[in-house]
Amino acid sequence: PEFNNLLGRISGGAAIRSDEVLPHISQGSLEARLLANLKLAEAYYGVGNCEQAKVFMQRVWVFSGFDDKYLPLFVNIHAACDDVDSIRAAHKALGMKKADANKIAQALNHFNAWQYAYAVHRKEDDYRYDFEILDRIALLAKPHAFPLRQPQLIKNQKIRLAYLMFGMLHINSVIVKISLLFAKFHDPSRFEITFYVPEQASSVLNHPEAVENIKLIEQLGWKVVLAPDTESEEASLIGLSRFIYESHADILITNAGLADLKHYFITALQ
């Protein structure tokens, strides 16, 4: 009852002394402390006091061991405070945690959320790279990597290029347009080109602009290979990588290798 009364006063906009809060956030069990901090974070967030809510939410985040069920509230509170760096740190921590559990697709999704935090929350084109994340993705790829082999260059044989396409599901993608421009001017007497799309086939074929881009590529005389529809995103990425490997491509061309860290995972498969 005493704690509920305290929460009610916070919701009513009353000023609360630290000595009133301390007994509730220093209870014996970790679970009790976590719950008390969570309730306080929710109460302060509810009245628009994001700075105070952030203090308690940070404790929840640590006490829970970066439990992703608390991520939505964590993001909402820190976004309200314009604390994008903490949001990025939370996604990185969760990505590392998922990577430790070998949950590849989930790890990559959190690493992408880390990468796009400024774009999402501030509408800013601000992208930064973290070698800890890139090294962790390389480690995730290592057990699935394909055997290295020396390219067999045969006289008069066409050079096989594999384009790893970024932006096929985007509207009016400049990067796709640039890739199509390159494709237009490749000499078909010297090159054999295949465009590989990391998104699953069903998603791509349900996207009208992607279908139109595929037609444009095929009209130029080149092939398009879509990631297979599988039970998991991880299996789909590895499946597409196998298509590239088995095509004996001489050169893999990434047009935005770190814009989507799933592309980096594919390149790390060698």
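Conventions and cut-offs
- Residues numbered from 1 in each chain as written.
- Predicted model: local features only at pLDDT ≥ 70, side-chain atom pairs only at ≥ 80, totals over all residues.
- Heavy atoms only, no water.
- Disulfide = S-S within 2.5 Å.
- Helix = DSSP H or I, 4+ residues; strand = E, 2+ residues; numbered from the N terminus.
- Core = buried A, V, L, I, M, F, W, Y, C linked by side-chain atoms within 4.5 Å.
- Buried < 20%, exposed > 50% of the residue type's maximum accessible area, 1.4 Å probe, protein only.
- Contact = heavy atoms within 4.5 Å.
- Axes fitted to C-alpha atoms, helices over the stretch in contact; angles between N-to-C directions.
- Parallel < 35°, antiparallel > 145°, perpendicular 65-115°, else oblique.
- Left-handed = near helix turned anticlockwise from the far one by under 90°.
- Nonpolar A, V, L, I, M, F, W, Y, C, P; charged D, E, K, R; others polar.
- Pairing = 2+ DSSP bridges.

S.K.: I would appreciate a short explanation of the state of the cysteines in the present structure.
M.R.: Disulfide: a covalent bond connecting the sulfur atoms of a pair of cysteines. Using the criterion set out here, one finds one disulfide in the structure. Here Cys50 pairs with Cys81 through a disulfide, and the sulfurs are 2.3 Å apart. Because the torsion about its S-S bond is 135°, the bridge between Cys50 and Cys81 counts as right-handed. With Cys50 in helix 4 (residues 50–63) and Cys81 in the loop between helix 5 (71–80) and helix 6 (84–100), the pair connects residues that are 31 residues apart, well separated along the chain.

S.K.: What am I meant to see in the nonpolar core here?
M.R.: The tendency in soluble globular proteins is for nonpolar side chains to be buried side by side. If you look at the biggest cluster of nonpolar residues, it comprises 28 residues, and the most contacted ones within it are Leu40 and Met57. Going through the elements one at a time, helix 1 (2–11), helix 2 (18–25), helix 3 (30–46), helix 4, helix 5 and helix 6 are the ones with two or more residues in this core. Considering each element in turn, this core owes the most residues, seven residues, to helix 3. Dropping the residues within four chain positions of it, Leu40 is found in contact with Phe3, Leu6, Leu7, Ile10, Val21, Ile25 and Phe56. If you look at the next biggest cluster of nonpolar residues, it comprises 27 residues, including Leu108, Ile133, Ile137 and Tyr196.

S.K.: Whenever I open this one, the packing of helix 3 against helix 4 confuses me. Can you help?
M.R.: For any two helices packed against each other, one specifies the inter-axial angle together with the distance between the axes. At a closest axis distance of 8 Å, the pairing of helix 3 and helix 4 adopts a crossing angle of 150°. Classified by the angle their axes make, helix 3 and helix 4 are roughly antiparallel. As for the relative orientation of helix 3 and helix 4, their crossing is left-handed in sense. On helix 4, the residues that touch Leu30, Arg33, Leu34, Asn37, Leu38, Leu40, Ala41, Tyr44 and Tyr45 of helix 3 are Gln52, Ala53, Phe56, Met57, Arg59, Val60 and Phe63. Of the residues in the contact of helix 3 with helix 4, the class split is 12 nonpolar, two polar and two charged.

S.K.: Explain the sheet that holds strand 3 (residues 223–227) here, please?
M.R.: As a general point, the strands of a sheet are linked pairwise by backbone hydrogen bonds and lie either parallel or antiparallel. Read from one edge of the open sheet, four strands run 3-2-1-4, paired in parallel fashion. Two strands lie at the open edges of the sheet, namely strand 3 and strand 4 (251–254), each paired on one side alone. Ignoring which end each strand starts from, the neighbouring axes of this sheet average 25° apart. Where strand 2 (residues 191–200) meets strand 3, five bridges bridge the pair, whose relative direction is parallel. When the bridges of strand 3 are listed, Phe195 appears paired with Val224. Against the sheet, helix 14 (residues 261–268) makes contact with strand 1 (159–164), strand 2 and strand 4, and its axis sits at roughly 145° relative to strand 1, the strand it touches most.

S.K.: Please clarify how the side chain of Ser179 should be interpreted in this entry.
M.R.: Within the secondary structure, Ser179 is located in helix 10 (residues 174–185). On the basis of relative accessible area, Ser179 is assigned to the buried category, the value being 2%. Setting aside residues no more than four positions away along its own chain, Ser179 makes contact with Met165, Phe195 and Asn255.

Keep in mind these values describe shape, not function.
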